[in-house]
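Summary of structural features
The lines below spell out each chain.
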Amino acid sequence: MQPGSTYHLFNHANGWENLFCEDKNYDFFLGRLSIHVLPVAHIYAYCLMPNHFHLLLKIKDEDVLTNHFKLKNENIPEEEIVSSTNKNAKQDLLKRKVSKSFSNFFNSYTQAFNKMYERKGSLFMPNMKREEVVNEGSFCKVIHYIHTNPVHHKFVEKIDMWSHSSYKIFLSKSSTKLEREYTLDVFGGLDWFIKYHQQPIDPKNKWLDF
């Protein structure tokens, strides 16, 4: 994933299994997300369903990632990694390290899940799906889709009835690690955020099969 770019990420459990069996699984997943992904990405929205999840996030900029990963400790000399002639090498290295952060996230959750439920093997589908979000219109549509996912799958009748999405965080004043203020600004404020989410689910939405 490219530094500075915004993505809708989604993945599914392997086969017919679930990713989350109890409420504490959802909490643990978010804790692992905070540890492994938050240092490399700004998180805008999420929804955790029993057998899959959705995230909307932005990979942090090159300078922030470079400082976080301390590239001077890599095999490539620092003076080379920051030079204009090696810009592609730097970007490739950053993308690999971001990918490793996500891999560590999934592996740490899987290892804990396997230990708790006495299972073995992979838990997630091997290739996480992603789609770049390139404008504010798509940004709003993706967040609306993410938050309406439990309604689409008929787990609840209303968005605010599902406990494992970020929707109610936006209605709250409590502390959060989400980019709440930025997100609400894109929607035009809290009132417009709520009105936008009152729209019916678009049956032509290309993500509905997931």
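Values in this document were obtained by computation on a predicted structure and should not be read as measured data. (Residues numbered from 1 in each chain as written. Predicted model: local features only at pLDDT ≥ 70, side-chain atom pairs only at ≥ 80, totals over all residues. Heavy atoms only, no water.)

1. Examining the side chain of Asn14
Within the secondary structure, Asn14 sits in the loop between β1 (6-12) and α1 (23-36). For Asn14, a relative accessible area of 19% translates into the label buried. Apart from the residues within four sequence positions on either side, Asn14 is in contact with Ser122, Leu123, Phe124, Met125 and Pro126. (Helix = DSSP H or I, 4+ residues; strand = E, 2+ residues; numbered from the N terminus. Buried < 20%, exposed > 50% of the residue type's maximum accessible area, 1.4 Å probe, protein only. Contact = heavy atoms within 4.5 Å.)

2. Describing unusual backbone geometry
Of note in the backbone geometry, Glu118 takes a positive phi value of approximately 50° without being a glycine. If you trace the backbone, Glu118 turns up in the loop between α4 (87-117) and β4 (129-133). Even without a glycine there, the phi angle at Lys154 is positive, about 65°.

3. Describing the nonpolar core
Counting residues in hydrophobic clusters, the biggest one holds 53 residues, and the most contacted among them are Phe53, Leu56, Leu57, Ile59 and Phe102. Ranked by residue count, the leading element in this core is strand β2 (residues 41-49), at eight residues. (Core = buried A, V, L, I, M, F, W, Y, C linked by side-chain atoms within 4.5 Å.)

4. As for the side chain of Glu62
Structurally, Glu62 can be placed in helix α2 (residues 62-69). Judged by relative accessible area, Glu62 falls into the buried class, the value being 17%. There is a polar contact of 2.8 Å between the side chain of Glu62 and the side chain of Gln91. Not counting chain neighbours up to four residues away, the residues in contact with Glu62 comprise Pro3, Lys87, Lys90, Gln91 and Leu94. (Polar contact = N/O pair within 3.5 Å; in protein donor to acceptor, adjacent residues only side chain to side chain.)

5. Structural notes on the pattern of salt bridges
Considering all chains together, one arrives at two salt bridges under this definition. Between Glu17 and Arg119 there is a salt bridge; the shortest N-O distance is 2.6 Å. Of the two residues, Glu17 sits in the loop between β1 and α1 while Arg119 sits in the loop between α4 and β4, which places them 102 residues apart along the sequence. For the salt bridge of Asp92 with Lys95, the shortest nitrogen-to-oxygen distance reads 3.9 Å. In this pair, Asp92 and Lys95 both sit in helix α4, three residues apart, roughly one turn of the helix. Judged by relative accessible area, which is 25%, Lys95 ranks as partly exposed. (Salt bridge = Lys/Arg side-chain N within 4 Å of Asp/Glu carboxyl O.)

Function cannot be inferred from these measures alone, as they are strictly geometric.
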